[in-house]
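Residue-level structural notes
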Amino acid sequence: MGLNDQVSAERLHIGFFGLRNAGKSSLVNAVTGQKLSVVSEVMGTTTDPVKKAMELLPLGPVVIIDTPGIDDEGTLGALRVQRARQVLNYADIAILVVDARRGMQQADRELTELFREKRISYIIAHNKSDLLVETPPLPENEIYVSALENTNICELKEMIGRLARKEENSRRIVADLLCPGDFAVLVVPIDSAAPKGRLILPQQQTIRDALEAGAIPVVVKETELSEALAGLAKKPKLVITDSQAFGRVSRDTPEDILLTSFSILFARYKGDLEPLTDGAAALDLLKDGDTVLISEGCTHHRQCDDIGTVKLPRRILEYTGKKLRFSFTSGTEFPEDLTDFALVIHCGGCMLNEREMKSRIRRCQDSGVPVTNYGTAIARMHGILLRALEPFPKLHDRLTQA
């Protein structure tokens, strides 16, 4: 993937929800101009959420998600409904598709309550409007459409575009920490776990964000950091390291140079750094027999010395001296019930969108389970968490005064 490609996690996620045979899939196909979803008169044709990353004018890069009917029946149907509801954890905008002939049903009203509860902007699209004798006026966020006749499809896309503009924010990975002309040194270990011939996604995105700020990114391995710092004509504003090299990089970086990690930057960018920082303190409270959940937002081939399943658990056992159990999840898997865990440690979330990452943090908070992430946990275990938070003065001062 090139530096200019926009990954799915950075795209607006638009979910289509509704009852079986309301015409969700037909409307998805009409909006996208593609046969993205299978269409049939048979109820329950869509059995799993169907995702498609694409360019959708006038919105730009988006991910379209077609979900199973929220009223599916039976044991298998219940699993489909559960998967449809899981989409609510990462949908930025929801389109509720209603059969205009039947109007809003109880399940539709329950969905709108869920949209409001999860603070998801939504539109109600009354499909099959070509079969109506009359079309009474609708509230501002509702529209009559016909996927069959292609009626009001452009108007629906314009409505989505207006909601999308409201969803836009000014989040940055590192650009707000740098000024034009600042040097930023990025420490990128090249070991057996590093992908051949490329940088991993957080490194690519951080470089791009630094360039957009007018800063000068310098990329080195941890073994060349000291030489690189000595050779620069100007003191760097910031050193950013892979969390696995935190200890060595902290020793080799002078105290008057700000230091943090890719994982901590992404904790701020994708989620909420404050609770993740607070959660790192739970490492000191773990007891024999406790279970720690380590969760990754991506799925990848596990290396022999994988950070999530090998290095991090080993480091936690060494740090705590306790007999702990570990549980692991990856990709879209994340438990609804977290009560069995004494601590959740999450990756930086580069493959998750902001809403999904914040949803996971919120679920931990609602369950009373402390949550942290790789970077903050590793910095705490190295005794350098306060230093790693110096680039974020408000949070650093809060912890200093605690």
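Structural data are supplied above this passage.
Within every chain, residues take consecutive numbers counted from 1 along the sequence as written. Totals for whole chains, interfaces and linings use all residues, but because this is a predicted model, local features are given only for residues with pLDDT of at least 70 and pairs of side-chain atoms are given and counted only at 80 or more. Hydrogens are left out, water is left out, and the side-chain values use all remaining heavy atoms of the structure.

Here we take up the pairing of strand β7 (residues 183-187). Burial classification: accessible surface area is computed with a 1.4 Å probe over protein chains only, and a residue below 20% of its type maximum counts as buried, one above 50% as exposed, and the rest as partly exposed. For helices the rule is a DSSP run of H or I covering at least 4 residues; for strands it is a run of E covering at least 2, with both sets numbered from the N terminus onward. With five of five residues buried, β7 lies mostly within the body of the structure. Both β7 and strand β8 (residues 216-220) contribute to a ladder of five bridges, which runs parallel. The residue of β8 that forms the bridge with Phe183 is Ile216. For two strands to be treated as a pair, DSSP must find no fewer than two bridges joining them. When β7 meets strand β9 (residues 238-241), the two strands line up parallel, connected through four bridges. In the sheet register, Val187 faces β9, and the bridge partner there is Thr241.

Between N-to-C directions, angles span 0 to 180 degrees; the directions come from axes that are lines fitted to C-alpha atoms, helices contributing only their stretch in contact. Closest axis-to-axis distance for the helix α10 (residues 307-320)/helix α12 (residues 374-381) pair is 11 Å, and the angle between their directions is 30°. As summarised for this structure, α10 and α12 are arranged roughly parallel, according to the angle between their axes. Pair α10 / α12 crosses with left-handed handedness. Touching Ile307, Gly308, Leu312, Arg315, Ile316 and Tyr319 of α10 are Tyr374, Ile378, Arg380 and Met381, all from α12. Just so you know the grouping, Ala, Val, Leu, Ile, Met, Phe, Trp, Tyr, Cys and Pro go in nonpolar, Asp, Glu, Lys and Arg go in charged, and all remaining residues, Gly too, go in polar. Residue composition of the contact of α10 with α12, by class: seven nonpolar, one polar and two charged. Angle categories: roughly parallel below 35 degrees, roughly antiparallel above 145, roughly perpendicular from 65 to 115, and oblique for all the rest. In this scheme, a crossing is called left-handed if the near helix is turned counterclockwise away from the far one by less than a right angle; it is called right-handed if the turn is clockwise. The contact definition used throughout considers only heavy atoms, calling two residues in contact when any of these lie within 4.5 Å.

Let us look at the sheet that holds strand β11 (residues 291-296). Reading across from one edge, β12-β11-β13-β14 is the order of the four strands in this open sheet, with parallel pairing throughout. Edge positions in the sheet fall to β12 (325-330) and β14 (371-373), since each has one partner strand and no second. The mean angle between the axes of side-by-side strands here comes to 25°, regardless of whether they run parallel or antiparallel. With four bridges joining them, β11 and strand β13 (residues 343-346) adopt parallel strand pairing.

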